[in-house]
Structure formats: C-alpha cells, structure tokens
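# Remarks on the overall topology
As a plain string of letters, each chain reads:
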Amino acid sequence: MAEIGRILTALGSVAATVGLVVYGMGRAFVRDGDFEITVGLWLMVAGVIATVIGLVLYSRTAEPEG
C-alpha cells in the first residue's frame, strides 16, 4: 500500500503542475482556448485529489523509523 501511496503522490503532483501549465497556455492567447482551459482545470483538480489520496495512503501505511 505504501508503494501505491508514493506513486499516487508523485503522479498527482505532476498532473497538477502540468494542468497549471496547460491552463496558462489556454489563457495566454487573445482569444481564450476553451479546450486548454478545460483540460488544465481537470488536470489540476484530479492531480490535487490524487496527491491528497496518495499522501493519506502513504502516511497510514508507512512504518516508523527507528
């Protein structure tokens, strides 16, 4: 379970960052790119959710050091 938590945390944070970049590209044009804005928002939301779930899974299954 700890490995799934790490993977979700890593992929979620990357997806959220890519979503922010895609959203920014959609807003950068004179006429807003509706597709880029929509995809960027979905990636940001899904990435944040995956990151939070991954952190919760990892923190519940990680063994204490020592």
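Residues numbered from 1 in each chain as written. Predicted model: local features only at pLDDT ≥ 70, side-chain atom pairs only at ≥ 80, totals over all residues. Heavy atoms only, no water.

This next bit is on the overall build of the protein. Secondary structure summary: the protein contains two helices and zero strands in total. The C-alpha radius of gyration computed for the protein amounts to 15 Å, which surpasses the reference 11 Å derived for 66 residues by more than 25%, pointing to a less compact arrangement than a globule. Among the 66 residues that make up the protein, the fraction classed as buried is 23%. Considering only contacts within the protein whose residues lie at least 6 apart along the sequence, 71% involve residues at least 24 apart. (Helix = DSSP H or I, 4+ residues; strand = E, 2+ residues; numbered from the N terminus. Rg over C-alpha atoms; globule rule 2.2 N^0.38 Å. Buried < 20%, exposed > 50% of the residue type's maximum accessible area, 1.4 Å probe, protein only. Contact = heavy atoms within 4.5 Å.)

A word on the pattern of salt bridges. One pass over the full model with this rule turns up one salt bridge. Across the pair Arg6 and Glu3 runs a salt bridge whose closest N-O atoms are separated by 3.5 Å. Residue Arg6 and its partner Glu3 are located together in helix H1 (residues 2–27), separated by three residues, close to a single helical turn. Since its relative accessible area comes to 45%, Arg6 is described here as partly exposed. (Salt bridge = Lys/Arg side-chain N within 4 Å of Asp/Glu carboxyl O.)

A word on the environment of Gly19. Inspection of the secondary structure assignment puts Gly19 in helix H1. Classification of Gly19 as buried rests on a relative accessible area of 0%. Between the alpha carbons of Gly19 and Met44 there is a distance of 4.8 Å; along the sequence they are 25 residues apart. Gly19 has contacts with Gly40, Leu43 and Met44, leaving out every residue within four places of it along the chain.

Once that is clear, we can look at the packing of H1 against helix H2 (residues 34–61). Their axes nearest at 6 Å, the elements H1 and H2 cross at an angle of 160°. Compared by their axis directions, H1 and H2 come out roughly antiparallel. The way H1 lies across H2 gives a crossing that is left-handed. Of the residues contributing to the contact of H1 with H2, the split by class is 20 nonpolar, eleven polar and three charged. (Axes fitted to C-alpha atoms, helices over the stretch in contact; angles between N-to-C directions. Parallel < 35°, antiparallel > 145°, perpendicular 65-115°, else oblique. Left-handed = near helix turned anticlockwise from the far one by under 90°. Nonpolar A, V, L, I, M, F, W, Y, C, P; charged D, E, K, R; others polar.)

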